[in-house]
Amino acid sequence: MTSTPGSAGPTAATTPPPSERPTRIRRFTRAERVVHRTTAWLTLLCVLTAACLYVPQLAELVGRRHLLVTVHEWSGLLIPVPLLTGLASRALRADLSRLNRFGPHDRRWLKAALRRDRTPGARPAGKFNAGQKLYAAWISGAVLVMLGTGLLMWFTDLAPLVWRTGATFVHDWLALAVGIVLAGHMAKALADPEARRGMRTGSVERLWARSEHPLWRDPEE
């Protein structure tokens, strides 16, 4: 069959056939990666200084308690800043919206995860799986509670003694829980090199995306 001049539109000229598509697709923008990296470093700094303040062996090893307290207070206070600044990014707002949605496929993912079922199709997921959504919700709530209790401990005139005592109790035990959850998050990241590469470079292998996040719409389609 012959074609007439001009019959091939702009789409035909710019969209490569499936066999010629690039093997990597974009997952995160530069703004999202900067927000994640900055938040991660601030959180890690906050956790490490907390460990040095509460573990006697580390406190003796590091010394300079006043400096540690100052770094801990300011790193904790600054943790929400990268996310609040990053809200100017449309891509980040879109991903926050995805993280905030929990659908039937997420319940299927959780049930399969509890059964340790790794068969193909057992864990349907969009751009973010149910585990990532739960982690994002939990860590966001924990940061808010830690920030509130930390301010009560920092500014002693804000509340009566009984409130400050309760805030100290909640702050200390929640800090331990945050440390454990963060360790699990880092372990998951270490177990998935392609996910780490996606956060580091912004792109992932197309085959990985189809395998781990089959319901995620390819942004290049």
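It should be noted that the structure appears before, not after, this text.
How each quantity is defined
- Residues numbered from 1 in each chain as written.
- Predicted model: local features only at pLDDT ≥ 70, side-chain atom pairs only at ≥ 80, totals over all residues.
- Heavy atoms only, no water.
- Helix = DSSP H or I, 4+ residues; strand = E, 2+ residues; numbered from the N terminus.
- Buried < 20%, exposed > 50% of the residue type's maximum accessible area, 1.4 Å probe, protein only.
- Contact = heavy atoms within 4.5 Å.
- Areas by Shrake-Rupley, 256 points an atom, 1.4 Å probe, with all protein chains shown as cover.
- Expected span 1.5 Å × (residues − 1).
- Arc of directions from axis to C-beta.
- 1 Å grid on protein atoms, 1.4 Å probe; cavity = no way out; pocket = protein on both sides within 12 Å on 5 of 7 lines; lining within 4 Å.
- Points joined across faces, edges and corners; volume = space filled by probe spheres on them.
- Polar contact = N/O pair within 3.5 Å; in protein donor to acceptor, adjacent residues only side chain to side chain.
- Core = buried A, V, L, I, M, F, W, Y, C linked by side-chain atoms within 4.5 Å.
- Phe/Tyr/Trp six-rings, centres within 6.5 Å; stacked < 30°, edge-to-face > 60°.
- Lys NZ or Arg CZ within 6 Å of the ring centre and 35° of its normal.
- Axes fitted to C-alpha atoms, helices over the stretch in contact; angles between N-to-C directions.
- Left-handed = near helix turned anticlockwise from the far one by under 90°.
- Nonpolar A, V, L, I, M, F, W, Y, C, P; charged D, E, K, R; others polar.
- Salt bridge = Lys/Arg side-chain N within 4 Å of Asp/Glu carboxyl O.

Peer 1: Before we move on, could you go through the overall build of the protein chain and cite the residues and values that matter?
Peer 2: Across its full length, the protein chain holds eleven helices and two strands. Reading the secondary structure of the protein chain in the N-to-C direction produces α-β-α-α-α-α-α-α-α-α-α-β-α. Evaluated residue by residue, the protein chain yields a buried proportion of 29% over its 221 residues. In the protein chain, the share of contacts with a sequence separation of at least 24, taken over all contacts with a separation of at least 6, comes to 67%. Carbon together with sulfur atoms contributes 66% to the accessible area of the protein chain, which is approximately 14900 Å² in total.

Peer 1: Can you break down helix α4 (residues 65-78) residue by residue, with the values?
Peer 2: The first and last C-alpha atoms of α4 sit 20 Å apart over 14 residues, in line with the 20 Å expected at 1.5 Å per residue. Along α4, the residues that are buried comprise L68, H72, S75 and G76. Angularly, the buried residues of α4 cover 100° about the axis, an arc narrow enough to put them on a single face. Next to the buried residues of α4 lie α2 (30-54), α3 (56-62), α5 (80-86), α8 (130-154) and α9 (161-190).

Peer 1: Summarise the layout of surface pockets; cite the residues concerned and give the values.
Peer 2: Each pocket or cavity is described by its volume, and for the second largest pocket that value is around 820 Å³. Forming the walls of the second largest pocket are 32 residues, and the residues nearest its centre are C46, A50, H72, M146 and H171. At the level of secondary structure, the elements contributing two or more residues to the lining of the second largest pocket comprise α2, α4, α8 and α9. With nine residues, the single largest contributor to the lining of the second largest pocket is α8.

Peer 1: Residues and numbers for the environment of E32, please.
Peer 2: Turning to its location among the elements, E32 is positioned in helix α2. Classification of E32 as buried rests on a relative accessible area of 7%. Excluding residues that lie within four positions of it along the chain, E32 makes contacts with R27, A91, L92 and D95. Of note is the side chain of E32, whose polar atom sits 2.9 Å from the backbone nitrogen of T29.

Peer 1: Got a sec to walk through the nonpolar core? Specific residues and values, please.
Peer 2: For soluble globular proteins, the rule of thumb is that nonpolar side chains tend to be buried together. With six residues, the main nonpolar core is built from I139, A142, M146, L174, V178 and L182. At the level of secondary structure, the elements contributing two or more residues to this core comprise α8 and α9. In this structure, A142 is in contact with L174 and V178, ignoring residues within four places of it in sequence. If you look at the next biggest cluster of nonpolar residues, it comprises five residues, including I25, V204, W208 and W216.

Peer 1: Describe the packing of aromatic side chains, listing the residues and the values that go with them.
Peer 2: Here the structure, examined in full by the defined rule, presents four aromatic pairs. Note on W74 and W154: the rings are 5.6 Å apart at their centroids and 85° apart in plane angle, and the pair reads as edge-to-face. Here W74, found in helix α4, pairs with W154, found in helix α8; they are 80 residues apart in sequence, far enough to count as distant. Here the aromatic rings of W154 and F155 are separated by 5.0 Å at their centres, their planes lie at 20°, and the arrangement is stacked. These aromatic residues form a ring-pair network of at least three members: W74, W154 and F155. Over the ring of W216 we find R27, and its NZ or CZ is 5.1 Å from the ring centre.

Peer 1: With reference to specific residues and values, describe the packing of α8 against α9.
Peer 2: For the pair α8 and α9, interaxial distance at closest approach is 9 Å and the crossing angle is 150°. By crossing handedness, the relation of α8 to α9 is classed as left-handed. Residue-level inspection shows Y135, W138, I139, A142, V145, M146, T149, G150, L152 and M153 of α8 in contact with α9, the latter providing R164, A167, T168, V170, H171, L174, A175, A177, V178, V181, L182 and H185. In terms of residue class, the contact of α8 with α9 is built from 16 nonpolar, five polar and one charged.

Peer 1: Go over the pattern of salt bridges with me, naming the residues and quoting the values.
Peer 2: For the structure on display, the rule yields eight salt bridges. Residue D95 is joined to R98 by a salt bridge in which the shortest nitrogen-to-oxygen separation is 2.4 Å. Of this pair, D95 and R98 are both found in helix α6 (residues 90-99), three residues apart, which corresponds to roughly one turn of the helix. A salt bridge links R118 to E212; its shortest N-O distance comes to 3.6 Å. On the criterion of sequence distance, the pair formed by R118 in the loop between α7 (104-114) and α8 and E212 in helix α11 (residues 206-212) is long-range, its members being 94 residues apart.

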